[in-house]
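The primary structure of each chain is shown beneath.
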Amino acid sequence: MSDDAQTNRDRLRHLQQAVVYELDKGDALPQVDHQCVVIDGLFGSGLNRPLAGRALELVQTVNSWKAEVVAIDIPSGLMGESNTDNHSDGIIKATQTFTFQFPKLSFLFPESAPYVGNWEVLPIGLHPDKINATPTSWFLTEAGRVKDLLKPRTRFMHKGHFGHVLLIAGSYGKMGAAVLASRACMKTGVGLLTVQVPHKTCHVLHCSVPEAMVNIDRSDLMFTEFPDLSPFKAVGVGPAIGCRSNSVLALTDLLDQIGSRPMVLDADALNILSNNPALLEKLPENAVLTPHPGELKRLVGPWGDDFERLQKVVAFCRKYQVVVVLKGAFTTVISSNGECHFNTTGNPGMASAGSGDVLTGIILSLLGQGLSSMDAAVAGVHIHGAAGDLACAAEGEAALTASDIVSHLGKAIVALQQ
Ligand SMILES: NC(=O)C1=CN([C@@H]2O[C@H](COP(=O)(O)OP(=O)(O)OC[C@H]3O[C@@H](n4cnc5c(N)ncnc54)[C@H](O)[C@@H]3O)[C@@H](O)[C@H]2O)[C@@H](O)CC1
Ligand SMILES: Nc1ncnc2c1ncn2[C@@H]1O[C@H](COP(=O)(O)OP(=O)(O)O)[C@@H](O)[C@H]1O
């Protein structure tokens, strides 16, 4: 037993209210009724191998009780990072985890949810200098950082200062995605927006987003061409464009002409890349790709567990020198040098059609305003989730729609700036 553990055991022994049982090898475990609260402090984040023997038996017994389990720092048996070689039946299933100073990486993975339950971070007074001096590639995005990234608006600025961007989105029957992304782009503060849309659908954009200019495709139904790129500070492409051969050719042409212009690729643009992997080589440096896990699997292939998934994305970002926004709870922005920034805003009410199209519009807007690819992705994801949280407070999770996220963008940005 460590010195600290002995000190705390002695303190416990001196507490009048506490009855301390110490179990020796072979002693039967006490019976616990289901109204008990079990505090799990068996192992912490220093654990380096899966549980076995008596410890494993104890964990399995606790999990068989119907009691509430509160874990200290990390549920016993769970590794803080990779659980690839761990055994799922050797980990405490906590209802609540109080973790010290920082969440552990594995708390941010969907597959850890049954073990960690709700988690809350308790500060234990680590010195900020010590924290800052500790090398890491994992970061939690803080609202204060996002506030500093936004472009200030001063008295004499005009729309030209906030960028002109091109959005390529929508196809016949799926113009909602183009409308949502366009509205989100305008509501995040871009100066000028041009939207490339199929011929037959241009009235949809004109009527729903009068602020946007429209460039009309020669095709009635889909994306097959785009205007001269020189006026545009950034380009967004993908929501609902489909994957037909004419659109594949147009995307190829776009990648040939994009130069070093910032760009964000989503949805069908990602599916086209997955179907035509040679196009990945044409991506400009620091292009932002925003896959949900289904789109990611098409891009990088299957993975065994969430840690392996993150490693695959890091390798992909390094190989192609791009930024990936892996969407979901705790959306992760991964840089071309493998830094991972985890986002804590957002809620399950956002898991509905069009939420991702809104994110594309937000990131495009921030790229147009001159933020770097990483800053636009990190800030965009935070603002998207914050608007989703305000929308959720107003509407509840079930009724929350992508349009509600757009409607709350203004308030989310104002809240950040206060
Ligand atoms: N109103 C509109 O016009 C809308 C247009 N949309 C666009 O329509 C196109 C196709 O969207 P679809 O929803 O059909 O195609 P998706 O590629 O989004 O979904 C197809 C399949 O991918 C998998 N998948 C989706 N989300 C996943 C996740 N989070 N984790 C794991 N697997 C997941 C599922 O198997 C799903 O059935 C996209 O370009 C999209 O942008 C959608 O955004 C919905 C709204
Ligand atoms: N449980 C959740 N918690 C936080 N954010 C979520 C959750 N579920 C979905 N989202 C967010 O909603 C968006 C959904 O995007 P996507 O699946 O591409 O939708 P669509 O293709 O319909 O536009 C992503 O930004 C994602 O991070």
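These figures come from a predicted structure and were not determined experimentally. (Residues numbered from 1 in each chain as written. Chains lettered and ligands numbered in written order. Predicted model: local features only at pLDDT ≥ 70, side-chain atom pairs only at ≥ 80, totals over all residues. Heavy atoms only, no water.)

Caption draft 1: Structural context of the overall build of the protein. Within the protein, the regular secondary structure consists of 15 helices and 14 strands. When the backbone C-alpha atoms are referred to their principal axes, the protein occupies close to 80 × 45 × 40 Å. Within the span of the protein, comprising 418 residues, buried residues form 50% of the whole. Contacts in the protein between residues far apart in sequence, at least 24 positions, make up 66% of those at least 6 positions apart. Carbon and sulfur atoms make up 53% of the accessible area of the protein, which amounts to about 20,300 Å² in all. The average position of the 33 basic charges and that of the 41 acidic charges among the side chains of the protein differ by 6 Å. (Helix = DSSP H or I, 4+ residues; strand = E, 2+ residues; numbered from the N terminus. Buried < 20%, exposed > 50% of the residue type's maximum accessible area, 1.4 Å probe, protein only. Contact = heavy atoms within 4.5 Å. Areas by Shrake-Rupley, 256 points an atom, 1.4 Å probe, with all protein chains shown as cover. Lys, Arg positive; Asp, Glu negative; His and termini not counted. Charge placed at Lys NZ, Arg CZ, Asp CG, Glu CD.)

Caption draft 2: Spotlight on the site of ligand 1. In the vicinity of ligand 1, 15 residues are found, and the nearest of them are A240, D268, H292, R298 and D357. A distance of 3.4 Å separates an oxygen atom of ligand 1 from a polar atom in the backbone of G176. Measuring from an oxygen atom of ligand 1, one finds a side-chain N or O atom of R298 at 2.7 Å. In isolation ligand 1 offers 840 Å² of accessible surface; the protein chains occlude 51% of this area. At the level of elements, helix 6 (176–187), helix 9 (267–275) and helix 10 (293–300) are the ones that each hand at least two residues to the shell around ligand 1. Ranked by residue count, the leading element in the shell around ligand 1 is helix 10, at 4 residues. Of the residues belonging to the shell around ligand 1, the class tally is 6 nonpolar, 4 polar and 5 charged. (Near = heavy atom within 4 Å. Polar contact = N/O pair within 3.5 Å; in protein donor to acceptor, adjacent residues only side chain to side chain. Nonpolar A, V, L, I, M, F, W, Y, C, P; charged D, E, K, R; others polar.)

Caption draft 3: Seen up close, the sheet that holds strand 11 (residues 288–289). Taking strand neighbours across the sheet as the criterion, the 10 strands line up as 5-14-13-12-11-10-9-6-7-8 in an open arrangement whose pairing is mixed. Pairing within the sheet leaves two strands with one partner each, and these edge strands are strand 5 (138–140) and strand 8 (213–216). Relative to strand 10 (residues 263–265), strand 9 (residues 234–237) is paired through 3 bridges, and the arrangement is parallel. Bridged to V235 within strand 10 is M263. (Pairing = 2+ DSSP bridges.)

Caption draft 4: Structural detail: the domain arrangement of the protein. Here the domain parsing of the protein yields domain 1 (3–133) and domain 2 (143–417). Spacing between the C-alpha centres of domain 1 and domain 2 amounts to 40 Å. Opposite the 11 residues of domain 1 that make contact, domain 2 presents 7 residues. Both sides together, the interface formed by domain 1 and domain 2 hides about 860 Å², and carbon and sulfur atoms give 68% of it. (Domains from an automatic or database assignment. Buried area = accessible area lost by both parts, 1.4 Å probe.)

Caption draft 5: Summary view of the pairing of strand 7 (residues 192–197). Across the 6 residues of strand 7, 5 count as buried, placing the element largely inside the fold. Pairing analysis gives 5 bridges linking strand 6 (residues 164–168) to strand 7, with the strands arranged parallel. Its bridge partner being in strand 7, H164 is matched across the sheet by L192. Assessed by its sense of winding, the connection that carries the chain from strand 6 through helix 6 to strand 7 is right-handed. Bridging between strand 7 and strand 8 involves 4 bridges; their strand directions are parallel. What sits directly across from V195, in strand 8, is V214. Taken together, strand 7, helix 7 (residues 202–208) and strand 8 constitute a β-α-β crossover, and its handedness is right-handed. (Right-handed = clockwise from strand over helix to strand, strands pointing away.)

Caption draft 6: Structural context of the sheet that holds strand 1 (residues 37–40). Judged by pairing direction, the sheet is parallel, and its 4 strands sit side by side in the order 1-2-3-4 without closing on themselves. Among the strands making up the open sheet, the edge pair consists of strand 1 and strand 4 (118–122). Here the average twist between neighbouring strands, direction ignored, is 20 degrees. By the bridge criterion, 4 bridges tie strand 1 to strand 2 (residues 68–72) in an arrangement that is parallel. The residue of strand 2 that forms the bridge with D40 is A71. (Axes fitted to C-alpha atoms, helices over the stretch in contact; angles between N-to-C directions.)

Caption draft 7: Quick look at the site of ligand 2. The environment of ligand 2 is formed by 18 residues, the closest being K327, G328, T331, G354 and G356. Between ligand 2 and K327 there is a distance of 2.7 Å, counted from an oxygen atom to a side-chain nitrogen or oxygen. Take D357: an N or O atom from its main chain is 3.1 Å from an oxygen atom of ligand 2. Protein burial of ligand 2: of its 580 Å² of free accessible surface, 79% is covered by the chains. Among the elements that line the shell around ligand 2, the one with the most residues is helix 12 (residues 355–368), at 4 residues.

Caption draft 8: Spotlight on unusual backbone geometry. Positive phi values are uncommon outside glycine, yet D73 reaches one of about 70 degrees. With respect to the helices and strands, D73 occurs in the loop between strand 2 and strand 3 (96–100). A relative accessible area of 11% means that D73 is categorised as buried. Of note in the backbone geometry, A267 takes a positive phi value of approximately 45 degrees without being a glycine. Relative to the helices and strands, A267 is located in helix 9.

Caption draft 9: Up close: the UniProt feature "binding site: AMP" (unreviewed entry) in the protein. Using the residue numbers shown here, the UniProt feature "binding site: AMP" (unreviewed entry) corresponds to G356. Mapped onto the elements, G356 comes out in helix 12. Residue classification places G356 among the buried residues on the basis of a relative accessible area of 19%. Not counting the four nearest positions on each side in its chain, G356 is found in contact with D266 and K327. (UniProt positions renumbered as here; feature names shortened; annotations may be inferred.)

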